[in-house]
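Structural overview
Here is how the chains run, residue by residue.
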Amino acid sequence: MTIKDIPIIQGESVKLPTKYGHFDIIPFQEEQSGIEHMALIKGDLSSQTNTLTRIHSACATGDLFGSLKCDCGDQLIQAMSLIETKGHGLIVYLQQEGRGIGLMNKIKAYKLQEQGMDTIEANVHLGFLPDNRDYQVGANILNALGVNKIELLTNNPDKILGLEKNGIKVVKRVSLIIAPNPFNKHYLSTKETRMGHLINDKEIIKTGL
């Protein structure tokens, strides 16, 4: 399948030592919109048949501030740690805040959740899909890095479909299991029961074979 043409500009690669491992980081920019994304790389990707990969949508509240309302920050840390332990892999960090609705609308959705809606009802009430993300740019970044077969770190089956329809072969799904807390318990339950996320599945499930 041909990946949709969303022209991207690839930036310079530099070393990035972090608390969770040592990586190389490359910025990418969409030519038309100017939106910037990042790839965090461990090891030589060209030597891997199936690259351990996390496609992570930005979450300012979770990734930056350690919010307990979601599991995003914990998933990012776990993915980085798993890739560091394995010695090679890739994280594509996409600017798709709030499952694609942006920070302003995400906070509006949080306010609606405080009033009793779940995460799906809040997004729909604001006029969006329950999950408004698109993985065309993520697939383009993988393609630019020479990666087309991956072991995907995700609990979301829709992410697999989104990547595969854009030319990326997901040969295996690897779970990211995050323990719930009192603030995100209902949110995680909604993702599992209403959105089909496999958050309690501790097995590594082969897909697309």
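Each remark here, short or long, concerns the structure printed above.
Here goes a summary of the coordinates provided. Since this is a predicted model, take the numbers as computed values, not measurements.

With 23 residues, the main nonpolar core has Ile-55, Leu-90, Ile-141, Leu-142, Leu-145, Ile-150 and Leu-163 as its most contacted residues. Elements with a minimum of two residues in this core: β3 (21-30), β4 (36-42), β6 (89-94), α6 (136-144), β7 (149-153) and α7 (157-164). A total of 4 residues in this core trace back to one element, the largest contributor, which is α6. Residues in contact with Ile-55, not counting those within four places in the same chain, are Val-92, Leu-94, Tyr-135, Leu-142, Leu-152, Lys-159 and Leu-163. Membership of the second largest hydrophobic core comes to 14 residues, among which are Phe-23, Ala-58, Leu-76 and Leu-153.

Let's shift gears to the packing of aromatic side chains. In the structure shown here, the tally under the stated rule is 0 aromatic pairs. Lys-42 extends its terminal NZ or CZ atom over the ring of Phe-23, reaching a point 5.9 Å from the ring centre. When the ring centre of Tyr-110 is taken as reference, the NZ or CZ atom of Lys-69 above it lies at 4.8 Å.

Analysis parameters
- Here, residues in each chain are numbered from 1, in the same order as that chain's written sequence.
- Per-residue local features of the predicted model are confined to residues with pLDDT of at least 70, and side-chain atom pairs are confined, for both listing and counting, to 80 or more; whole-chain, interface and lining totals are unaffected and use all residues.
- The basis for every side-chain value is the complete set of heavy atoms in the structure, and neither hydrogens nor water enter the calculation.
- Grouping buried Ala, Val, Leu, Ile, Met, Phe, Trp, Tyr and Cys residues that are joined through side-chain atoms within 4.5 Å yields what is termed a nonpolar core.
- Whether a residue is buried, partly exposed or exposed follows from its accessible area with a 1.4 Å probe, protein chains only, as a fraction of its type maximum: under 20%, in between, or over 50%, in that order.
- Think of it this way: any DSSP run of H or I at least four residues long counts as a helix, any run of E at least two long counts as a strand, and we number them from the N terminus.
- Whether two residues are in contact is decided by their heavy atoms, any of which lying within 4.5 Å being enough.
- Centres within 6.5 Å are what make two rings of Phe, Tyr or Trp a pair, Trp counting through its six-membered ring; a difference in plane orientation under 30 degrees is then read as stacked, over 60 as edge-to-face, and the rest as tilted.
- Here, over-ring charges are defined by two tests on the NZ atom of lysine or the CZ atom of arginine: distance to the ring centre within 6 Å, and angle to the ring normal within 35 degrees.

Purely spatial values, then, with no claim about function.
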